[in-house]
Amino acid sequence: RVEYISCIHILYLGFKMNILSSLLLVLFSLSLFSCTTISKEDCKKDMKSFGLEQGRKGLADLSDDIRKICIRSDNSVDLESYVKGFNMGWSEYCTPLHGFKNGQNVELYKSFCPSNKEELYREKFFIGKALVEKRDQLNELDDKIKKSPNDNELKESISQLKREIQILEQQG
């Protein structure tokens, strides 16, 4: 199971290192993980729509942040609506097709899908990722075959890769 790494964890690790290493770790980590926090402006949004948007993007559940930031300053914030919207969006995000597409577009696996959807989402994600890798390999071999058009071993490798790509496309 992939664990959620928060900004706090990243900063804590950074303090255990020297300043330059800390800064590099934080910058690198921020580029990999979206450290999601909310603003007071977010607190004014329609909570159901806000939750739906977060869930559809596959982002982390912000219920704790809403509780800490929004409800503390405005008791009228509807956390229950946020949770309902988030769960609806999450269900849309955590589909096998979405996992497959994300695998083709994203280099780093991250998912906050519910456990009953996580396994299939992850499986399809890595099929999508493998498909991209195979296509890249095929492009490299296509470039090589242009330089050596009579290389039978290379032709066989290309044929094999095309069969593997076809299988991955069917699995996706």
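To be clear, the structure that these remarks concern was listed above.
Residues numbered from 1 in each chain as written. Predicted model: local features only at pLDDT ≥ 70, side-chain atom pairs only at ≥ 80, totals over all residues. Heavy atoms only, no water.

Chemist: Tell me about the state of the cysteines, and name the residues and values.
Modeler: This model, assessed by the stated rule, comprises two disulfides. Across the disulfide from C43 sits C70; the S-S distance is 1.9 Å. Judged by the sign of its S-S torsion, about -80 degrees, the cystine formed by C43 and C70 is left-handed. Placement of the pair is C43 in helix α3 (residues 40-43) and C70 in helix α5 (residues 63-73), with a sequence separation of 27 residues. The class for C43 is buried, based on a relative accessible area of 12%. C70 gets classed as buried once you look at its relative accessible area, which sits at 1%. (Disulfide = S-S within 2.5 Å. Helix = DSSP H or I, 4+ residues; strand = E, 2+ residues; numbered from the N terminus. Buried < 20%, exposed > 50% of the residue type's maximum accessible area, 1.4 Å probe, protein only.)

Chemist: Talk me through α5; I want residue IDs and the actual numbers.
Modeler: By the burial criterion, the buried members of α5 are S63, D65, I66 and C70. Buried residues of α5 fall within an arc of 140 degrees about the axis and therefore sit on the same side. Buried-residue contacts for α5 involve α3, α4 (47-56) and α6 (79-93). (Arc of directions from axis to C-beta. Contact = heavy atoms within 4.5 Å.)

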